[in-house]
Amino acid sequence: MSTLAPLRLLREPWNASEGNQSNATVGASGSWCQGLDIPNELFLVLGLVSLVENLLVVAAILKNRNLHSPTYYFICCLAVSDMLVSISNLAEMLFMLLLEHGVLVMRPSIVRHMDSIIDMLICSSVVSSLSFLGVIAVDRYITIFYALRYHSIMTLQRAVVTMASIWLASTVSSAVLITYYCSNTILLCLIGFFLFMLVLMLVLYIHMFALARHHLHSISSQQKPPATHRGGSLKGAVTLTILLGVFFICWGPFFLHLILIVTCPTNPFCTCFFSYFNLFLILIICNSVIDPLIYAFRSQELRRTLREVVTCSW
């Protein structure tokens, strides 16, 4: 898959001199360093699946007034972020295919502007997606530990301010990233943001799981725990494992790629790792396909509304 300007430079680090880059490639010319050839059709199919899934989630939440709450608004924003991932992927694919086949003829300056617009969309969707994953974790934490005060803590006004702030910050940060993509400082900020979100989710979800274990232990110390409690505890453990596992698997390789760009752009091992950049992009798109299955489709109310949306029962 052809990538646009800044993403292409992420694949081939700018802070390595041409000579060192060549030497590193020669020194690491094993067969596994040849990268992975991913067909354009796979990007296209995953993008379309993600787009349809997340579009259904947004439509269901907008349709059902019972889902008009901060929790579902955050899930809706996550779906919109994932839709942007799909739309930017599809737009990039269409744009490159039209240029390659001569259907679309543009001046180089216009092509560069189109590159910047699509890349801003990609970067904004990445930052907003990570942000809303963190916000959803915080929202669930408040729901469990401050259940009686939840509606006073997470008011609709605060939810709207949070969502607006995230979208504004995502737009501004993506513009800065595209403008100064050759700066290691920008990459370090992006890496730091990812690590912050990872630690935040780890701490919150582990604390929630610890509370569930403590609750189950308290019950078992008084009497034999009912099967429902044992099943609930197991289900909670599986859910948290899936949440953190999917987050780390889908986002981890991309951010490890960024870390290696900063720390060892000419190292033979790092050069080999860079050749799998398209695979890391596929994992991010897969995350936008999986998110609705984890955060949205598990809700019985939302599934019922989705059936109504699909069957056009408005």
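Residues numbered from 1 in each chain as written. Predicted model: local features only at pLDDT ≥ 70, side-chain atom pairs only at ≥ 80, totals over all residues. Heavy atoms only, no water.

## Things to note about the overall build of the protein
Looking only at helices and strands, the protein features twelve helices and zero strands. Helices and strands appear in the protein in the N-to-C order α-α-α-α-α-α-α-α-α-α-α-α. Long-range contacts, defined as pairs at least 24 residues apart, comprise 83% of the intrachain contacts of the protein with a sequence gap of at least 6. Total accessible area on the protein stands at roughly 16,100 Å², and carbon and sulfur atoms take up 68% of it. (Helix = DSSP H or I, 4+ residues; strand = E, 2+ residues; numbered from the N terminus. Contact = heavy atoms within 4.5 Å. Areas by Shrake-Rupley, 256 points an atom, 1.4 Å probe, with all protein chains shown as cover.)

## A word on the UniProt feature "transmembrane region" (unreviewed entry) in the protein
According to UniProt, the "transmembrane region" (unreviewed entry) feature falls on residues 42-62, 74-97, 117-138, 159-179, 185-212, 233-261 and 273-297. End C-alpha to end C-alpha, residues 42-62 measures 30 Å, and it is 100% helix and 0% strand. With 100% helix and 0% strand, residues 159-179 has its two end C-alpha atoms placed 30 Å apart. (UniProt positions renumbered as here; feature names shortened; annotations may be inferred.)

## Digging into the packing of aromatic side chains
The tally for this structure, following the rule as stated, stands at eight aromatic pairs. Note on Phe 132 and Trp 167: the rings are 5.5 Å apart at their centroids and 50° apart in plane angle, and the pair reads as tilted. Of this pair, Phe 132 sits in helix H5 (residues 108-145) while Trp 167 sits in helix H7 (residues 156-179); the two residues are 35 residues apart in sequence, bridging distant segments of the chain. Residue Phe 132 is classed as buried on the basis of its relative accessible area, which comes to 0%. Looking at Trp 167, the relative accessible area reads 23%, which means it is partly exposed. Taking the centre distance of 6.3 Å and the plane angle of 45° together, the rings of Trp 251 and Phe 255 count as tilted. Taken together, the residues Trp 251 and Phe 255, both in helix H9 (residues 227-263) and four residues apart, mark about one turn of the helix. An aromatic cluster of at least three residues, connected via ring pairs, comprises Phe 194, Phe 247, Trp 251, Phe 254, Phe 255 and Phe 277. (Phe/Tyr/Trp six-rings, centres within 6.5 Å; stacked < 30°, edge-to-face > 60°. Buried < 20%, exposed > 50% of the residue type's maximum accessible area, 1.4 Å probe, protein only.)

## Quick notes on the side chain of Thr 305
Within the secondary structure, Thr 305 sits in helix H12 (residues 300-310). Using a relative accessible area of 1% as the deciding quantity, one classes Thr 305 as buried. Only 2.8 Å separates the side chain of Thr 305 from the side chain of Asn 64, close enough to count as a polar contact. (Polar contact = N/O pair within 3.5 Å; in protein donor to acceptor, adjacent residues only side chain to side chain.)

## Observations concerning the nonpolar core
A general feature of soluble globular proteins is that nonpolar side chains tend to end up buried together. Judged by nonpolar contacts, the single largest core of 77 residues is most densely connected at Phe 247, Trp 251, Tyr 295 and Leu 302. Ignoring any residue separated from it by four or fewer positions in sequence, one finds Trp 251 in contact with Val 126, Ser 129, Leu 130, Leu 133, Phe 194, Ile 284 and Asn 287. (Core = buried A, V, L, I, M, F, W, Y, C linked by side-chain atoms within 4.5 Å.)

## So, the environment of Pro 268
You can see Pro 268 is positioned in helix H10 (residues 268-274). C-alpha of Pro 268 to C-alpha of Cys 33: the two residues are 235 residues apart in sequence and 9.2 Å apart in space.

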